[in-house]
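Listed here are the chains, written in short residue letters.
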Amino acid sequence: MTLDDGKGMTIEPHETARPPASDRVGRWSVTMAFWAMFSAMFWLYIAVASNAAVGTVNTLVGMALTIATYGIINSVLARHAIKTGQTISLFSRGIFGPVGSGLAALLFAVTAIYYAVFEGSIIAVALQEYFGGNLKLWYLVVVIYAIPLVAGGVRNWLDKLNGVLLPLYVVGLVAIVIGATVKQGYPTGWLGHTVAAGPLPGWMTSYLIYMGVWVMMMYTFDFARLGKPEDAKFHGTVTFGWVFYALTFGLNGLIGIYLVSAWDLDSTETGVVTAVINSLGLLGVIVIVISQTRINTANYYSASANLQDLWAMMSGKATPRFLWVVVSGIVAYLFMLTDVLTYLLRALAWQGVFVTSWVAIALASLYFARRVAAAGSTSPTTSRGLTALGWPVLAWVVSSGIGIAMTEQTASPAMALLAPIITVVLAIILYLPATRRQRSTSATPR
(Lines give C-alpha, C1' and ligand atoms only; values in the text may rest on other atoms or scores of the structure.)
Protein backbone atom coordinates (compact mmCIF):
# COMPACT_ATOMS: atom_id res chain seq x y z
CA MET A 1 0.00 0.00 0.00
CA THR A 2 1.39 3.41 -0.97
CA LEU A 3 0.25 7.00 -0.81
CA ASP A 4 0.71 9.88 -3.16
CA ASP A 5 1.65 13.36 -1.99
CA GLY A 6 -0.34 15.02 -4.76
CA LYS A 7 2.74 15.75 -6.82
CA GLY A 8 3.25 12.34 -8.33
CA MET A 9 5.68 11.14 -5.64
CA THR A 10 5.09 7.74 -4.11
CA ILE A 11 5.24 7.68 -0.34
CA GLU A 12 6.19 4.58 1.60
CA PRO A 13 3.62 4.00 4.35
CA HIS A 14 4.81 4.14 7.93
CA GLU A 15 2.60 6.12 10.28
CA THR A 16 0.12 6.49 7.44
CA ALA A 17 -1.30 2.97 7.69
CA ARG A 18 -0.80 -0.42 9.22
CA PRO A 19 0.76 -2.57 6.47
CA PRO A 20 -1.82 -4.96 5.01
CA ALA A 21 -0.98 -8.57 4.19
CA SER A 22 0.15 -7.58 0.70
CA ASP A 23 2.74 -5.19 2.12
CA ARG A 24 4.22 -7.62 4.65
CA VAL A 25 7.66 -8.92 3.67
CA GLY A 26 9.21 -12.37 3.85
CA ARG A 27 11.17 -13.87 6.70
CA TRP A 28 14.54 -13.38 5.00
CA SER A 29 13.89 -9.73 4.13
CA VAL A 30 12.94 -8.73 7.69
CA THR A 31 15.84 -10.70 9.17
CA MET A 32 18.48 -9.27 6.86
CA ALA A 33 17.19 -5.71 7.23
CA PHE A 34 17.15 -5.85 11.04
CA TRP A 35 20.39 -7.81 11.32
CA ALA A 36 22.13 -4.71 10.03
CA MET A 37 22.18 -3.94 13.77
CA PHE A 38 24.46 -6.96 14.34
CA SER A 39 27.54 -5.37 12.84
CA ALA A 40 27.82 -2.15 14.87
CA MET A 41 31.29 -1.46 16.26
CA PHE A 42 29.42 -0.12 19.26
CA TRP A 43 28.82 -3.70 20.42
CA LEU A 44 32.56 -4.33 20.48
CA TYR A 45 33.11 -1.07 22.35
CA ILE A 46 30.41 -1.56 24.99
CA ALA A 47 31.87 -4.96 25.91
CA VAL A 48 35.35 -3.45 26.06
CA ALA A 49 34.08 -0.64 28.29
CA SER A 50 32.35 -3.12 30.60
CA ASN A 51 35.49 -5.26 30.70
CA ALA A 52 37.56 -2.24 31.74
CA ALA A 53 35.03 -1.33 34.43
CA VAL A 54 34.30 -4.70 36.06
CA GLY A 55 36.58 -7.35 34.56
CA THR A 56 36.01 -10.15 32.06
CA VAL A 57 34.14 -12.72 34.15
CA ASN A 58 31.69 -10.13 35.46
CA THR A 59 31.20 -8.82 31.93
CA LEU A 60 30.41 -12.31 30.64
CA VAL A 61 27.86 -12.88 33.41
CA GLY A 62 26.24 -9.50 32.80
CA MET A 63 26.26 -10.20 29.07
CA ALA A 64 24.51 -13.57 29.54
CA LEU A 65 21.79 -12.01 31.71
CA THR A 66 21.41 -9.23 29.16
CA ILE A 67 20.98 -11.69 26.30
CA ALA A 68 18.24 -13.49 28.24
CA THR A 69 16.46 -10.23 29.14
CA TYR A 70 16.66 -8.78 25.65
CA GLY A 71 15.53 -12.06 24.16
CA ILE A 72 12.37 -12.20 26.27
CA ILE A 73 11.38 -8.52 25.97
CA ASN A 74 12.03 -8.25 22.24
CA SER A 75 10.18 -11.48 21.56
CA VAL A 76 7.08 -10.02 23.28
CA LEU A 77 7.32 -6.69 21.44
CA ALA A 78 8.07 -8.31 18.08
CA ARG A 79 5.08 -10.62 18.25
CA HIS A 80 2.79 -7.72 19.15
CA ALA A 81 4.16 -5.54 16.34
CA ILE A 82 3.73 -8.38 13.83
CA LYS A 83 0.19 -9.05 15.02
CA THR A 84 -0.95 -5.41 14.91
CA GLY A 85 1.33 -3.85 12.29
CA GLN A 86 1.61 -0.78 14.51
CA THR A 87 4.44 1.71 14.33
CA ILE A 88 6.06 3.14 17.45
CA SER A 89 3.78 6.16 17.04
CA LEU A 90 0.56 4.19 16.67
CA PHE A 91 1.40 1.89 19.56
CA SER A 92 2.38 4.83 21.78
CA ARG A 93 -0.81 6.67 20.83
CA GLY A 94 -2.84 3.87 22.40
CA ILE A 95 -0.93 4.27 25.68
CA PHE A 96 0.04 7.93 25.92
CA GLY A 97 -2.35 9.68 23.56
CA PRO A 98 -1.34 12.13 20.79
CA VAL A 99 1.26 14.00 22.87
CA GLY A 100 3.02 10.84 23.95
CA SER A 101 2.83 9.47 20.43
CA GLY A 102 4.71 12.49 19.08
CA LEU A 103 7.20 12.37 21.93
CA ALA A 104 7.92 8.69 21.25
CA ALA A 105 8.50 9.34 17.53
CA LEU A 106 10.79 12.30 18.30
CA LEU A 107 12.72 10.38 20.95
CA PHE A 108 13.33 7.42 18.66
CA ALA A 109 14.27 9.60 15.69
CA VAL A 110 16.78 11.66 17.67
CA THR A 111 18.28 8.57 19.29
CA ALA A 112 18.66 6.87 15.90
CA ILE A 113 20.37 9.99 14.54
CA TYR A 114 22.74 10.02 17.51
CA TYR A 115 23.66 6.40 16.86
CA ALA A 116 24.15 7.26 13.17
CA VAL A 117 26.53 10.00 14.30
CA PHE A 118 28.46 7.57 16.50
CA GLU A 119 28.71 4.82 13.90
CA GLY A 120 29.43 7.28 11.08
CA SER A 121 32.16 8.90 13.14
CA ILE A 122 33.81 5.49 13.51
CA ILE A 123 34.06 5.21 9.71
CA ALA A 124 35.42 8.75 9.40
CA VAL A 125 38.04 8.21 12.10
CA ALA A 126 39.13 4.94 10.45
CA LEU A 127 39.44 6.58 7.03
CA GLN A 128 41.39 9.51 8.44
CA GLU A 129 43.67 7.26 10.48
CA TYR A 130 44.58 5.22 7.42
CA PHE A 131 44.47 7.79 4.59
CA GLY A 132 44.92 11.09 6.46
CA GLY A 133 43.06 14.24 5.48
CA ASN A 134 40.53 16.53 7.12
CA LEU A 135 38.17 14.69 9.48
CA LYS A 136 35.28 17.05 8.66
CA LEU A 137 35.54 16.07 4.99
CA TRP A 138 35.46 12.39 5.93
CA TYR A 139 32.35 13.11 8.00
CA LEU A 140 30.73 14.61 4.90
CA VAL A 141 31.71 11.63 2.74
CA VAL A 142 30.25 9.20 5.27
CA VAL A 143 26.91 11.02 5.37
CA ILE A 144 26.62 11.56 1.61
CA TYR A 145 27.18 7.96 0.62
CA ALA A 146 24.76 6.68 3.31
CA ILE A 147 21.76 8.71 2.12
CA PRO A 148 21.04 6.91 -1.20
CA LEU A 149 21.53 3.51 0.44
CA VAL A 150 18.50 4.10 2.69
CA ALA A 151 16.24 5.60 0.04
CA GLY A 152 14.64 2.32 -1.05
CA GLY A 153 13.39 1.19 2.35
CA VAL A 154 13.16 -2.34 3.70
CA ARG A 155 11.06 -3.77 0.89
CA ASN A 156 13.17 -2.59 -1.99
CA TRP A 157 16.78 -2.46 -0.90
CA LEU A 158 17.88 -2.75 2.73
CA ASP A 159 17.25 -6.48 2.96
CA LYS A 160 19.28 -7.17 -0.19
CA LEU A 161 22.14 -4.82 0.72
CA ASN A 162 22.54 -6.25 4.21
CA GLY A 163 22.09 -9.80 2.98
CA VAL A 164 25.17 -9.31 0.79
CA LEU A 165 27.22 -7.47 3.40
CA LEU A 166 26.48 -9.80 6.35
CA PRO A 167 28.77 -12.68 5.27
CA LEU A 168 31.48 -10.17 4.36
CA TYR A 169 31.32 -8.77 7.88
CA VAL A 170 31.48 -12.23 9.47
CA VAL A 171 34.49 -13.17 7.33
CA GLY A 172 36.05 -9.84 8.28
CA LEU A 173 35.62 -10.57 12.00
CA VAL A 174 37.38 -13.91 11.61
CA ALA A 175 40.18 -12.28 9.62
CA ILE A 176 40.64 -9.57 12.25
CA VAL A 177 41.04 -12.11 15.04
CA ILE A 178 43.49 -14.16 12.98
CA GLY A 179 45.46 -11.04 12.01
CA ALA A 180 45.72 -9.84 15.61
CA THR A 181 46.85 -13.27 16.79
CA VAL A 182 49.45 -13.65 14.04
CA LYS A 183 50.92 -10.20 14.69
CA GLN A 184 50.67 -10.07 18.48
CA GLY A 185 50.43 -13.67 19.57
CA TYR A 186 47.69 -15.13 21.71
CA PRO A 187 46.96 -12.77 24.63
CA THR A 188 47.19 -15.18 27.55
CA GLY A 189 44.95 -14.30 30.46
CA TRP A 190 42.59 -12.12 28.41
CA LEU A 191 39.62 -13.92 29.94
CA GLY A 192 40.97 -13.45 33.45
CA HIS A 193 41.15 -9.66 33.54
CA THR A 194 40.03 -8.40 36.96
CA VAL A 195 39.17 -4.98 38.36
CA ALA A 196 38.88 -3.72 41.92
CA ALA A 197 35.39 -4.04 43.38
CA GLY A 198 33.06 -1.10 42.81
CA PRO A 199 29.94 0.13 44.62
CA LEU A 200 27.87 -2.72 43.12
CA PRO A 201 28.64 -6.35 42.22
CA GLY A 202 30.55 -6.34 38.96
CA TRP A 203 28.06 -8.51 37.05
CA MET A 204 25.25 -6.13 38.03
CA THR A 205 27.22 -3.11 36.85
CA SER A 206 27.81 -4.84 33.51
CA TYR A 207 24.10 -5.64 33.19
CA LEU A 208 23.22 -2.01 33.94
CA ILE A 209 25.68 -0.82 31.29
CA TYR A 210 23.82 -2.88 28.70
CA MET A 211 20.49 -1.47 29.91
CA GLY A 212 21.65 1.81 28.42
CA VAL A 213 20.83 0.48 24.94
CA TRP A 214 17.23 -0.59 25.49
CA VAL A 215 16.49 1.53 22.44
CA MET A 216 16.91 -1.79 20.61
CA MET A 217 13.34 -2.52 21.74
CA MET A 218 12.16 0.43 19.65
CA TYR A 219 14.16 -0.79 16.64
CA THR A 220 12.49 -4.17 17.09
CA PHE A 221 9.04 -2.61 16.93
CA ASP A 222 9.91 -0.55 13.86
CA PHE A 223 11.09 -3.54 11.82
CA ALA A 224 8.92 -6.36 13.21
CA ARG A 225 5.71 -4.65 12.06
CA LEU A 226 6.65 -5.57 8.49
CA GLY A 227 6.82 -9.30 9.22
CA LYS A 228 4.18 -11.86 8.30
CA PRO A 229 2.06 -13.38 11.09
CA GLU A 230 3.06 -16.90 10.10
CA ASP A 231 6.71 -15.98 10.77
CA ALA A 232 6.06 -14.60 14.26
CA LYS A 233 7.61 -17.54 16.11
CA PHE A 234 10.79 -17.44 14.00
CA HIS A 235 11.14 -13.67 14.34
CA GLY A 236 10.48 -13.79 18.08
CA THR A 237 13.33 -16.28 18.54
CA VAL A 238 15.85 -15.58 15.78
CA THR A 239 15.37 -12.21 14.11
CA PHE A 240 14.62 -10.19 17.24
CA GLY A 241 15.12 -12.72 20.03
CA TRP A 242 17.90 -14.42 21.97
CA VAL A 243 19.66 -15.81 18.88
CA PHE A 244 20.25 -12.30 17.56
CA TYR A 245 21.50 -11.01 20.91
CA ALA A 246 23.71 -14.02 21.58
CA LEU A 247 25.62 -13.12 18.42
CA THR A 248 25.30 -9.33 18.64
CA PHE A 249 26.33 -8.97 22.30
CA GLY A 250 28.13 -12.28 22.86
CA LEU A 251 30.20 -12.81 19.71
CA ASN A 252 30.94 -9.15 19.02
CA GLY A 253 31.69 -8.50 22.69
CA LEU A 254 34.20 -11.34 23.00
CA ILE A 255 35.96 -10.26 19.82
CA GLY A 256 36.18 -6.66 21.06
CA ILE A 257 37.69 -7.74 24.37
CA TYR A 258 40.13 -10.08 22.60
CA LEU A 259 41.33 -7.43 20.14
CA VAL A 260 41.94 -4.72 22.71
CA SER A 261 43.72 -7.25 24.93
CA ALA A 262 45.89 -8.48 22.06
CA TRP A 263 46.99 -4.98 21.13
CA ASP A 264 47.01 -3.69 24.73
CA LEU A 265 45.04 -0.59 23.78
CA ASP A 266 42.83 1.82 25.72
CA SER A 267 39.23 0.79 26.21
CA THR A 268 37.82 3.55 24.00
CA GLU A 269 35.96 3.86 20.70
CA THR A 270 39.19 4.78 18.89
CA GLY A 271 40.99 1.94 20.66
CA VAL A 272 38.66 -0.56 18.97
CA VAL A 273 39.17 1.12 15.58
CA THR A 274 42.95 1.09 16.01
CA ALA A 275 42.92 -2.59 16.95
CA VAL A 276 40.96 -3.47 13.80
CA ILE A 277 43.23 -1.44 11.52
CA ASN A 278 46.40 -2.74 13.18
CA SER A 279 45.18 -6.29 12.64
CA LEU A 280 44.34 -6.06 8.92
CA GLY A 281 45.52 -2.71 7.59
CA LEU A 282 43.47 -1.62 4.57
CA LEU A 283 41.27 -4.70 4.84
CA GLY A 284 40.52 -3.63 8.41
CA VAL A 285 39.34 -0.26 7.12
CA ILE A 286 37.11 -2.07 4.61
CA VAL A 287 35.63 -4.22 7.38
CA ILE A 288 34.85 -1.09 9.40
CA VAL A 289 33.19 0.56 6.39
CA ILE A 290 31.09 -2.57 5.77
CA SER A 291 30.08 -2.94 9.41
CA GLN A 292 29.16 0.68 9.91
CA THR A 293 27.39 0.96 6.57
CA ARG A 294 25.14 -1.92 7.62
CA ILE A 295 24.23 -0.44 11.00
CA ASN A 296 23.67 3.04 9.59
CA THR A 297 21.13 1.77 7.08
CA ALA A 298 18.99 0.81 10.09
CA ASN A 299 19.73 4.08 11.91
CA TYR A 300 18.83 6.33 8.99
CA TYR A 301 15.78 4.24 8.08
CA SER A 302 14.33 4.45 11.60
CA ALA A 303 15.23 8.12 12.01
CA SER A 304 13.65 9.12 8.69
CA ALA A 305 10.53 6.98 9.18
CA ASN A 306 9.82 8.44 12.62
CA LEU A 307 10.49 12.01 11.50
CA GLN A 308 8.03 11.34 8.69
CA ASP A 309 5.51 10.16 11.29
CA LEU A 310 6.11 13.20 13.47
CA TRP A 311 5.61 15.62 10.60
CA ALA A 312 2.40 13.85 9.56
CA MET A 313 1.07 14.17 13.12
CA MET A 314 2.00 17.85 13.36
CA SER A 315 0.95 19.02 9.90
CA GLY A 316 -1.55 16.40 8.74
CA LYS A 317 0.35 16.20 5.45
CA ALA A 318 2.09 13.20 3.92
CA THR A 319 5.68 13.61 2.75
CA PRO A 320 8.10 11.21 1.04
CA ARG A 321 10.40 9.39 3.46
CA PHE A 322 13.44 10.24 1.31
CA LEU A 323 13.02 13.88 2.31
CA TRP A 324 13.52 12.84 5.93
CA VAL A 325 16.49 10.67 5.02
CA VAL A 326 18.15 13.83 3.71
CA VAL A 327 17.11 15.79 6.82
CA SER A 328 18.52 13.04 9.04
CA GLY A 329 21.81 13.12 7.14
CA ILE A 330 22.09 16.91 7.45
CA VAL A 331 21.36 16.82 11.18
CA ALA A 332 23.84 13.98 11.69
CA TYR A 333 26.58 15.91 9.87
CA LEU A 334 25.94 19.05 11.93
CA PHE A 335 26.23 16.98 15.11
CA MET A 336 29.53 15.53 13.88
CA LEU A 337 30.95 19.02 13.42
CA THR A 338 30.37 19.81 17.11
CA ASP A 339 32.85 17.17 18.32
CA VAL A 340 29.84 15.15 19.37
CA LEU A 341 31.88 12.29 20.85
CA THR A 342 32.72 14.52 23.83
CA TYR A 343 29.08 14.59 24.94
CA LEU A 344 27.46 11.80 22.91
CA LEU A 345 27.57 9.19 25.66
CA ARG A 346 25.91 11.56 28.15
CA ALA A 347 23.20 12.46 25.66
CA LEU A 348 22.61 8.78 24.94
CA ALA A 349 22.44 8.11 28.68
CA TRP A 350 19.66 10.68 29.05
CA GLN A 351 17.81 9.30 26.05
CA GLY A 352 18.40 5.80 27.37
CA VAL A 353 16.52 6.68 30.56
CA PHE A 354 13.51 7.88 28.54
CA VAL A 355 13.63 4.75 26.39
CA THR A 356 13.91 2.46 29.42
CA SER A 357 10.84 4.09 30.95
CA TRP A 358 8.95 3.78 27.65
CA VAL A 359 9.77 0.06 27.42
CA ALA A 360 8.64 -0.55 31.01
CA ILE A 361 5.28 1.16 30.43
CA ALA A 362 4.87 -0.55 27.05
CA LEU A 363 5.34 -3.99 28.63
CA ALA A 364 3.01 -3.11 31.50
CA SER A 365 0.33 -1.92 29.09
CA LEU A 366 0.57 -5.14 27.05
CA TYR A 367 0.38 -7.25 30.21
CA PHE A 368 -2.70 -5.52 31.59
CA ALA A 369 -4.35 -5.31 28.16
CA ARG A 370 -3.95 -9.07 27.88
CA ARG A 371 -5.57 -9.52 31.30
CA VAL A 372 -8.46 -7.29 30.29
CA ALA A 373 -8.84 -9.22 27.03
CA ALA A 374 -8.83 -12.50 28.95
CA ALA A 375 -11.70 -11.14 31.05
CA GLY A 376 -13.74 -10.66 27.89
CA SER A 377 -13.27 -6.92 27.35
CA THR A 378 -12.29 -5.28 24.09
CA SER A 379 -11.36 -1.93 25.62
CA PRO A 380 -8.19 -0.19 24.43
CA THR A 381 -4.91 -0.26 26.28
CA THR A 382 -5.78 2.82 28.31
CA SER A 383 -9.09 4.47 28.94
CA ARG A 384 -9.91 7.57 26.95
CA GLY A 385 -10.28 9.64 30.07
CA LEU A 386 -6.79 8.88 31.22
CA THR A 387 -5.37 9.38 27.75
CA ALA A 388 -6.93 12.83 27.64
CA LEU A 389 -5.73 13.56 31.17
CA GLY A 390 -2.22 12.49 30.25
CA TRP A 391 -1.54 10.27 33.25
CA PRO A 392 0.56 7.75 31.27
CA VAL A 393 2.59 10.64 29.82
CA LEU A 394 3.07 11.98 33.34
CA ALA A 395 4.26 8.55 34.52
CA TRP A 396 6.72 8.42 31.62
CA VAL A 397 8.10 11.93 32.07
CA VAL A 398 8.32 11.85 35.88
CA SER A 399 10.04 8.46 36.03
CA SER A 400 12.46 9.57 33.31
CA GLY A 401 13.19 12.86 35.10
CA ILE A 402 13.97 11.03 38.34
CA GLY A 403 16.16 8.58 36.42
CA ILE A 404 18.13 11.40 34.79
CA ALA A 405 18.55 13.17 38.14
CA MET A 406 19.91 9.95 39.64
CA THR A 407 22.27 9.50 36.69
CA GLU A 408 23.67 13.02 37.07
CA GLN A 409 24.04 13.12 40.87
CA THR A 410 27.50 12.43 42.25
CA ALA A 411 26.78 11.84 45.94
CA SER A 412 26.13 8.11 45.50
CA PRO A 413 27.84 6.23 42.64
CA ALA A 414 25.73 3.16 43.41
CA MET A 415 22.49 5.11 42.95
CA ALA A 416 23.76 6.52 39.65
CA LEU A 417 24.47 3.01 38.40
CA LEU A 418 21.08 1.74 39.58
CA ALA A 419 19.20 4.54 37.79
CA PRO A 420 17.98 2.33 34.88
CA ILE A 421 16.43 -0.32 37.15
CA ILE A 422 14.89 2.27 39.47
CA THR A 423 13.47 4.06 36.42
CA VAL A 424 11.79 0.84 35.28
CA VAL A 425 10.25 0.25 38.71
CA LEU A 426 9.08 3.86 39.05
CA ALA A 427 7.59 3.89 35.54
CA ILE A 428 5.50 0.79 36.26
CA ILE A 429 4.39 2.03 39.70
CA LEU A 430 3.39 5.43 38.35
CA TYR A 431 1.57 3.82 35.44
CA LEU A 432 -0.51 1.50 37.68
CA PRO A 433 -3.33 4.04 38.31
CA ALA A 434 -3.97 4.03 34.56
CA THR A 435 -4.33 0.25 34.56
CA ARG A 436 -6.70 0.34 37.55
CA ARG A 437 -8.91 2.88 35.77
CA GLN A 438 -8.68 0.76 32.64
CA ARG A 439 -9.84 -2.37 34.45
CA SER A 440 -12.69 -0.55 36.21
CA THR A 441 -13.79 1.05 32.91
CA SER A 442 -13.76 -2.30 31.10
CA ALA A 443 -15.80 -3.85 33.92
CA THR A 444 -18.52 -1.18 33.70
CA PRO A 445 -21.60 -2.44 31.75
CA ARG A 446 -22.15 -0.61 28.49
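The shown structure was predicted, so the numbers you read here are calculated from the model rather than taken from an experiment. (Residues numbered from 1 in each chain as written. Predicted model: local features only at pLDDT ≥ 70, side-chain atom pairs only at ≥ 80, totals over all residues. Heavy atoms only, no water.)

Explain the overall build of the chain residue by residue, including any values.
When helices and strands are counted, the chain shows 18 helices and two strands. Burial status across the chain gives 56% buried among its 446 residues. Surface exposure of the chain reaches about 17600 Å², of which carbon and sulfur atoms provide 69%. (Helix = DSSP H or I, 4+ residues; strand = E, 2+ residues; numbered from the N terminus. Buried < 20%, exposed > 50% of the residue type's maximum accessible area, 1.4 Å probe, protein only. Areas by Shrake-Rupley, 256 points an atom, 1.4 Å probe, with all protein chains shown as cover.)

Can you break down the nonpolar core residue by residue, with the values?
Core analysis: the largest hydrophobic core is formed by 128 residues, its most contacted members being Phe34, Phe42, Trp214, Met216, Tyr219, Phe249 and Trp358. If one sorts the elements of this core by residue count, helix α4 (residues 88-131) sits on top with 20 residues. Aside from chain neighbours lying at most four places away, what touches Phe42 is Tyr115, Phe118, Glu119 and Val213. (Core = buried A, V, L, I, M, F, W, Y, C linked by side-chain atoms within 4.5 Å. Contact = heavy atoms within 4.5 Å.)

Pulling in residues and values, what's your account of the packing of aromatic side chains?
Summed over all chains, the structure comprises 29 aromatic pairs. Between Phe91 and Trp358 the ring centres are 6.0 Å apart and the planes differ by 75°, which places this aromatic pair in the edge-to-face class. Note that Phe91 is positioned in helix α4 and Trp358 in helix α14 (residues 344-374), a separation of 267 residues in sequence. For Phe91, a relative accessible area of 4% puts it in the buried group. Sitting over the ring of Phe234, Arg27 keeps its end group 4.3 Å from the ring centre. (Phe/Tyr/Trp six-rings, centres within 6.5 Å; stacked < 30°, edge-to-face > 60°. Lys NZ or Arg CZ within 6 Å of the ring centre and 35° of its normal.)

A description of the side chain of Ser75 should follow, citing residues and the corresponding values.
Within the secondary structure layout, Ser75 lies in helix α3 (residues 56-84). According to the relative accessible area criterion, Ser75 is buried, its value standing at 13%. Beyond its immediate stretch of four places on either side in the chain, Ser75 contacts Tyr70 and Gly236.

Describe the packing of helix α5 (residues 135-150) against helix α12 (residues 282-315), naming the residues involved and giving the relevant values.
Two elements in contact, α5 and α12, have axes whose closest approach is 9 Å; the angle formed by their N-to-C orientations is 60°. Judged on the interaxial angle alone, α12 and α5 are oblique. In this structure, α5 crosses over α12, and the sense of that crossing is right-handed. Residue-level contacts link Val143, Tyr145, Ala146, Leu149 and Val150 of α5 to Val289, Thr293, Asn296, Thr297, Tyr300 and Tyr301 of α12. Residue composition of the contact of α5 with α12, by class: eight nonpolar, three polar and no charged. (Axes fitted to C-alpha atoms, helices over the stretch in contact; angles between N-to-C directions. Parallel < 35°, antiparallel > 145°, perpendicular 65-115°, else oblique. Left-handed = near helix turned anticlockwise from the far one by under 90°. Nonpolar A, V, L, I, M, F, W, Y, C, P; charged D, E, K, R; others polar.)

How would you sum up the packing of α5 against helix α13 (residues 321-336)? Please name residues and give values.
It is at 10 Å that the axes of α5 and α13 come closest, and there the two elements cross at 165°. Of the possible angle classes, the one that applies to α5 and α13 is roughly antiparallel. The crossing of α5 and α13 is right-handed. Only Arg321, Phe322, Val325, Val326, Gly329, Tyr333 and Met336 of α13 make contact with α5, whose side of the interface consists of Lys136, Tyr139, Leu140, Val143, Ile147 and Val150. Its residues placed into classes, the contact of α5 with α13 shows ten nonpolar, one polar and two charged.

An account of the pattern of salt bridges is requested, with residue identities and associated values reported.
All chains considered together, the criterion is met by one salt bridge. Its salt-bridge partner being Asp231, residue Arg27 comes within 3.3 Å of it at the nearest N-O pair. With Arg27 in helix α1 (residues 27-34) and Asp231 in the loop between α8 (216-224) and α9 (232-239), the pair connects residues that are 204 residues apart, well separated along the chain. Under the relative-accessibility criterion, Arg27 is labelled partly exposed at 38%. Among the residues examined, Asp231 registers a relative accessible area of 9% and is labelled buried. (Salt bridge = Lys/Arg side-chain N within 4 Å of Asp/Glu carboxyl O.)

With reference to specific residues and values, describe the environment of Thr66.
With respect to the helices and strands, the residue Thr66 is situated in helix α3. Assessed through its relative accessible area of 0%, Thr66 is described here as buried. Here the alpha-carbon distance between Thr66 and Ile209, two residues 143 residues apart in the chain, equals 9.7 Å. If we ignore the near neighbours within four places in the chain, the residues touching Thr66 are Tyr207, Tyr210 and Phe249.

Describe a nonpolar patch on the surface, listing the residues and the values that go with them.
Among the surface-exposed residues, Tyr130, Phe131, Leu282, Leu283 and Ile286 lie close enough to one another that they form a single nonpolar patch of about 480 Å² accessible area. Broken down by secondary-structure element, the contributors of at least two residues to the nonpolar patch are α4 and α12. No other element matches α12, which puts three residues into the nonpolar patch. Along the polypeptide, Ile286 turns up in helix α12. Overall, Ile286 belongs to the partly exposed group, its relative accessible area being 39%. (Patch = residues over 30% accessible without salt bridge, like charges linked within 9 Å, V, L, I, M, F, W, Y side chains within 5 Å.)

Describe helix α10 (residues 242-263), with residues and values.
In this model α10 runs 31 Å from its N-terminal to its C-terminal C-alpha over 22 residues, within 8% of the 32 Å that 1.5 Å per residue would give. Positive backbone phi, approximately 55°, marks Asp264, located one or two places after α10. (Expected span 1.5 Å × (residues − 1).)

Give a description of the environment of Val110 that names residues and reports values.
Summarising the element assignment, Val110 is placed in helix α4. Assessed through its relative accessible area of 27%, Val110 is described here as partly exposed. Placed 192 residues apart in sequence, Val110 and Ser302 show a C-alpha to C-alpha distance of 9.7 Å.

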